[in-house]
Amino acid sequence: MPVAHRPTRRTATQATPSAARRTAPVAACLAVLLAAAAGCAPQDDSGSGSSKSSAAPPAAAACTKGKLATQVPGKLTMGTDKPAYAPWFEGDDPSNGKGFESAVAYALAERLGYDRADVVWQTVPFNTAVAPGAKKFDVDLNQISVSDERRRAVDFSSGYYDVRQAVVALKDSPAAKAGSAADLKHAKLGAQVGTTSLDVINDVIEPGERPAVFQKNDYAKTALKNGQVEAIVVDLPTAFYITSAEIQDARIVGQFEAGGGKPEQFGLVLDKGSRLTPCVSGAVDSLRKDGTLARLEKQWLSEAADVPVLK
């Protein structure tokens, strides 16, 4: 409004000494209030390419069970998809603590001061977890890769697992003999919708035929077994499990290097601007620093050293 920019007589003249004495304490109070508000406001890290927040880590006392603003007071609500696949979970039961992500979830809860009984599990489809909008969970883990695009809709914790993508094919398929990404250009490929596995097909392999897209990995595996696709792309630990326990006639063709020298990481998903994000990231960082994540990875996930790299 133009009037708002027109100087009044009071603002154009010098304040009297008594007015200055009155306004000084008011200004001081406002400065304190503004500083407090800035400290409590959620940090916007959408412009960062890292999965870590650039804000200073919160005090340990602020990241305890009694202080965290969770969906249900005194509880930590964890989300994941169903079925909950091995080796990330076992027996399609996230609450049993078995499988890498289930074990990470309970280690995270313990680090934040929650007992096992305080953890509540909720079924959250993959695409729902990363879609814009308010969440019904506190934290979701479902092999979700951190990306700048997804960070526009949700918050991510620090990465809890460095992952590579891999190609799985039936042993008697021509795709099983591929020694490079170029060898797969004429193959019928498939992957789960909305995943970095699908991104690898489109951006790295660049096949001549449009890839098949599946709502769940189960459907992709069925298509592979039925010959509807020649190969599928999944994360490497899942590839190990598929070939060792689910499809005996399948083999891992190879794995892909991390693009641009930056490792692909799985991160815990939180609501955009969640006040829990700094605390959850801090807990993940401490689990990595003290070797807990490495120990759980060794316990639940297969080694990748013998899988050839596709270039």
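One can find the structure itself at the top, above this paragraph.
Note that the structure is a prediction, hence the values are computed from the model and not measured.

S.K.: Sorry if this is basic, but what is going on with the pairing of strand S8 (residues 231-235) here?
M.R.: Within S8, five of the five residues are buried, leaving the element largely enclosed by the surrounding structure. For strand S5 (residues 165-170) and S8, the ladder comprises five bridges, and the chain directions are antiparallel. Note that in S8 the partner of Val 167 across the bridge is Val 233. Here strand S6 (residues 189-192) pairs with S8 via two bridges, running parallel. Bridged to Leu 189 within S8 is Ala 231.

S.K.: How do you make sense of the sheet that holds S5 when you look at a structure like this?
M.R.: The strands that make up a sheet pair up through hydrogen bonds in the backbone, lying either parallel or antiparallel. Spatially, the five strands line up as an open sheet ordered S7-S6-S8-S5-S9, and their pairing is mixed. Looking along the sheet, the strands with just one partner apiece sit at the ends: strand S7 (212-214) and strand S9 (250-255). Within the sheet, the average angular offset between the axes of one strand and its neighbour, ignoring direction, is 30°. Contacting S5, S6, S7 and S8, helix H6 (residues 196-205) runs over the sheet at an angle of about 145° to S6. Helix H7 (residues 217-225) contacts S5, S6, S7 and S8 of the sheet and is inclined by roughly 150° relative to S8.

S.K.: Would you explain the packing of aromatic side chains in this entry?
M.R.: Pairs of aromatic rings are described using the distance from one ring centre to the other and the angle between the two planes. Counted by the stated rule, this structure contains nine aromatic pairs. Aromatic side chains Tyr 161 and Phe 266 sit 5.8 Å apart centroid to centroid with 40° between the ring planes, which places their arrangement in the tilted category. Pair noted here: Tyr 161 is in strand S4 (residues 154-163) and Phe 266 is in strand S10 (residues 264-271), with a separation of 105 residues, a long-range link. For the pair Tyr 161 and Phe 266, a shared accessibility class is recorded, and that class is buried. One aromatic cluster is present, formed by Trp 88, Phe 100, Tyr 160, Tyr 161 and Phe 266 through successive ring pairs. Against the face of Tyr 106 rests Arg 116, its NZ or CZ located 4.4 Å from the ring centre.

S.K.: I keep staring at the environment of Val 167 and nothing clicks. Help me out?
M.R.: Position of Val 167 among the secondary structure elements: in strand S5. Sequence separation of Val 167 and Ile 252 is 85 residues, and the distance between their C-alpha atoms is 5.9 Å.

S.K.: How should I be thinking about the pattern of salt bridges in this particular structure?
M.R.: Counted by the stated rule, this structure contains 10 salt bridges. The shortest N-O distance in the salt bridge between Asp 118 and Lys 65 comes to 3.0 Å. Pair noted here: Asp 118 is in the loop between helix H3 (100-111) and strand S2 (119-123) and Lys 65 is in the loop between helix H2 (17-40) and strand S1 (76-80), with a separation of 53 residues, a long-range link. According to the relative accessible area criterion, Asp 118 is buried, its value standing at 8%. Notably, a salt bridge pairs Glu 246 with Lys 221, separated by 3.0 Å at the nearest N-O pair. Of this pair, Glu 246 sits in helix H8 (residues 236-246) while Lys 221 sits in helix H7, and the two are 25 residues apart along the sequence. For Glu 246, a relative accessible area of 33% translates into the label partly exposed. In this structure, a network of salt bridges that share partners links the residues Asp 218, Lys 221 and Glu 246.

Calculation criteria
- Residues numbered from 1 in each chain as written.
- Predicted model: local features only at pLDDT ≥ 70, side-chain atom pairs only at ≥ 80, totals over all residues.
- Heavy atoms only, no water.
- Buried < 20%, exposed > 50% of the residue type's maximum accessible area, 1.4 Å probe, protein only.
- Helix = DSSP H or I, 4+ residues; strand = E, 2+ residues; numbered from the N terminus.
- Pairing = 2+ DSSP bridges.
- Axes fitted to C-alpha atoms, helices over the stretch in contact; angles between N-to-C directions.
- Contact = heavy atoms within 4.5 Å.
- Phe/Tyr/Trp six-rings, centres within 6.5 Å; stacked < 30°, edge-to-face > 60°.
- Lys NZ or Arg CZ within 6 Å of the ring centre and 35° of its normal.
- Salt bridge = Lys/Arg side-chain N within 4 Å of Asp/Glu carboxyl O.

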